[in-house]
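These are the residues of each chain, in order.
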Amino acid sequence: MTLQQELAVSPSAKLAVKGVSKAFRTGGELVQALDRVTLNVNEGEFVCLVGPSGCGKSTLLNIIAGLESPDEGTVQTDGVPIRGPGRDRMVMFQDAALFPWLDVFSNVMFGLKLKPGLSNSEREEVARYYLKLVGLDSFHRANLHELSGGMKQRAALARAMAPNPRILLMDEPFAALDALTREQLYGDLQRIWQERRKTIIFVTHNVREAVCLGDRVVLFSTHPGRIREEFKIALPRPRDINSVDLAEHATEIMQSLKGHLRESEVHE
Amino acid sequence: MKRVLTAVIFFAVLLAAWQIVVAARIWSPVLLPGPASVGRFLWAYTFSPGTDEVPNPNRWQLFFAIGITMKRLGLGYLIGLAAGLPLGMITARFRWAQDTLGVLALGLQGLPSVCWVPLSLLWFGQSETAMLFVVVMGTLWSVVLATESGVRNVNPIYVRAARTMGSRWLHTWLKVIMPASLPFIVSGMKQGWAFAWRSLMAAEIFVTILTGFGLGQLLHYGRELNAMDQVIGVMVVIVFIGLLADKVLFSPWERFMHRRWGTSK
């Protein structure tokens, strides 16, 4: 299989979350992290989940990843219910979660080696392709502690994309980075997404970030975690996080988010 | 290069100081032989061919002793590792094992491993098995405890990340949990080695075993014969082996970890 063939297979998938509920017991108290959440995501769509911390958006991501199972409801990719983690849904975690005992290249190879149907030289070719895509071509043999925070997240992105998943799940991947690095990564992620057209679910608590990246911004409320509102973002790409149009959208969503927060305070 | 030079000068000064104290004749040369006489002992027990009329009866003796001791140590150490690693993983993974095996390991690790010598002798007699048992007991518990805490300290996000990439069971253990706990495991292996080495020396000094005279026995006979040059000579060899083991067995791992994890320096 050539690199081009490998990249062409496994097109992005449609995702259907139906009536998903999940409760946790923390300190003897039952917390409803997710309450009958329903969400449909189209092939190749970039959806941002936004909400205050504790609204269950990360829990939803973990359920889609198959790392946790819902108390109620189902998650389907292209009509097939998910059972546990799978290569068709890769996750990019907040603190990179790269393996410190491997160098950058071997980290990207980790998932590829577990993917059947490729020869080792093909796997290496794929790894080189993605490392180039994220701009790390000259850091194959670098150790992780030698990378900056932004470079680590680039490596994590390469690792998550390398097995060619149909859906990419991103859990606040840029939250720990400085503003300048983040801006760079917004640009890169948009470019990469336009090139590879994965379905992306992106969790963040940063409204501007969500508006900058997403086709759609889904607003969560907390206690219980529910979807409150959705916003289509029709701005042209590539988007600049500092543009006035983007700021206007973000302000509108922010107002609405604050409204929901006040509401939930009144209820409690 | 500068570091090597510093070390060489340090040990040269140490030797000189030793020689000066001996030359001052504060203590009897029987109690404190000079570096030269210790050197003569080492020569006589290694390469010295003796004369044509009287060939050296002790030629190669030191190497034989080292060989026997290292065989006992190596075998016992490997058994201790082979048993300790899986037991440590089980202890880390299952609550029931933590409450039983974990407590046992903690207790027995606190027991100075030389305390196993009397029991081992009564069980196995004056045999190689007795020696082996002491070494295994010295190694095992340190390795169990280090592996346990290593596995327990693996960041769960590594396992989650690996699972999303399709890693399961044995693959996760071998490719994620084991390497992630490597820093702990290596320090446990090091401690296990130190305990095994100490307990084996104690056992060899206590017990004469006819199947082979190890370094401990050589040391013991030095005392019996009032041969202080032999006592000190064997001690020097024991120290040297300890240093060598550290450099050969553990330093490569530690260097790898420093490089990868970016710890220290």
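Please read these numbers as outputs of a predicted model, since none were measured by experiment. (Residues numbered from 1 in each chain as written. Chains lettered and ligands numbered in written order. Predicted model: local features only at pLDDT ≥ 70, side-chain atom pairs only at ≥ 80, totals over all residues.)

1. Some details on helix 4 (residues 95-110) of chain B
Residue and element names in this part refer to chain B. Our working rule: Secondary structure elements follow DSSP: runs of H or I no shorter than four residues count as helices, runs of E no shorter than two count as strands, and numbering proceeds from the N terminus. Expected span of a helix, by definition, is 1.5 Å for each gap between consecutive residues, and there is one gap fewer than residues. In this analysis the local bend is the angle between axes fitted, respectively, to the seven residues ending at and the seven residues starting at the residue. To sort residues by exposure, count the other C-beta atoms lying within 10 Å of each residue's C-beta; 20 or more gives buried, 12 or fewer gives exposed, and values between give partly exposed, all with C-beta atoms placed from the backbone. Our contact criterion uses C-beta atoms placed from the backbone: two residues qualify when those atoms are within 7 Å.
Taking 1.5 Å per residue, 16 residues should reach 22 Å; helix 4 reaches 22 Å between its end C-alpha atoms and fits that length. By the largest-angle criterion, Leu101 marks the main kink of helix 4, which is about 30°. What helix 4 keeps buried is the set Gly102, Ala105 and Gln109. The inward-facing, buried residues of helix 4 contact helix 3 (61-93) and helix 6 (128-152).

2. Focus on the nonpolar core
As a rule of thumb, soluble globular proteins bury nonpolar side chains together. Just so we agree on the cut-off: Joined through C-beta atoms within 7 Å, a set of buried Ala, Val, Leu, Ile, Met, Phe, Trp, Tyr and Cys residues constitutes a nonpolar core.
One finds A:Ala158, A:Leu169, A:Ile201 and A:Val217 to be the most contacted residues of the largest nonpolar core, which totals 80 residues. Here this core takes six residues from helix 5 (residues 149-161) of chain A, the largest share from any one element. Membership of the second largest hydrophobic core comes to 37 residues, among which are B:Leu73, B:Tyr77, B:Val143 and B:Val144.

3. Observations regarding the sheet that holds strand 1 (residues 15-26) of chain A
Residues and elements named next belong to chain A. Quick reminder of the rule: Here a strand pair is declared whenever DSSP counts at least two bridges between the two strands. To obtain an axis, a line is fitted to C-alpha atoms, over the contacting stretch when the element is a helix, and the angle between two such axes runs from 0 to 180 degrees between their N-to-C directions.
Across the sheet, four strands lie side by side as 2-1-4-5; this open sheet has antiparallel pairing. One side of each edge strand has no neighbouring strand; the edge strands of this open sheet are strand 2 (29-41) and strand 5 (80-81). Helix 2 (residues 57-65) rests against strand 1, strand 2 and strand 4 (72-77) of the sheet, and its axis sits at about 120° to strand 1.

4. Describing the interface of chain A and chain B
Rule in force here: Charged residues are taken to be Asp, Glu, Lys and Arg, nonpolar residues to be Ala, Val, Leu, Ile, Met, Phe, Trp, Tyr, Cys and Pro, and polar residues to be all remaining types, Gly included.
On the side of chain B, 16 residues touch chain A, which itself brings 18 residues to the contact. Listing elements by their share of the side of chain A that touches chain B, those giving two or more residues are strand 6 (89-92) and helix 3 (104-113) of chain A. A breakdown of the residues in the side of chain A that touches chain B according to their chemical character gives 13 nonpolar, three polar and two charged.

5. Structural notes on the domain arrangement of chain B
Residues and elements named next belong to chain B. Applied cut-off: Each domain's extent is set by a domain assignment, obtained either automatically or from a database.
Here chain B is partitioned into domain 1 (1-21 + 33-58) and domain 2 (60-261). Taken together, the contacts link nine residues of domain 1 with 10 residues of domain 2. Residue composition of the side of domain 1 that touches domain 2, by class: five nonpolar, three polar and one charged.

6. A closer look at the pairing of strand 1 of chain A
All names here are of chain A. Bridge count for strand 1 against strand 2 is nine bridges, and the pairing is antiparallel. Bridge assignment links Phe24 to a residue of strand 2, and that residue is Val31. Sheet topology note: the strand 1/strand 4 ladder contains five bridges and is antiparallel. Bridge pairing in strand 4 links Lys18 to Thr74.

7. Focus on unusual backbone geometry
Between A:Arg237 and the following residue, A:Pro238, the backbone shows a cis peptide bond with an omega angle of -5°. Among the structural elements, A:Pro238 can be located in the loop between strand 10 (226-232) and helix 8 (244-267). Backbone geometry places A:Arg36, a non-glycine residue, at a positive phi of 45°. With respect to the helices and strands, A:Arg36 occurs in strand 2. A positive phi angle, close to 55°, is found at B:Arg25, a residue other than glycine.

8. Here we look at the packing of helix 5 of chain A against helix 6 (residues 179-196) of chain A
Residue and element names in this part refer to chain A. Selection rule: The scheme is simple: roughly parallel for angles under 35 degrees, roughly antiparallel for over 145, roughly perpendicular for 65 to 115, oblique for anything else. Helix crossings fall into two classes, left-handed where the near helix is turned counterclockwise from the far one by less than a right angle and right-handed where it is turned clockwise.
With their axes 10 Å apart at the nearest point, helix 5 and helix 6 run at an angle of 15° to one another. What the angle tells us is that helix 5 and helix 6 run roughly parallel. Taken as a pair, helix 5 and helix 6 cross one another with a handedness that is right-handed. On helix 6, the residues touching Gly149, Gly150, Gln153 and Met161 of helix 5 are Thr181, Gln184, Leu185 and Arg196. Split into classes, the residues belonging to the contact of helix 5 with helix 6 amount to two nonpolar, five polar and one charged.

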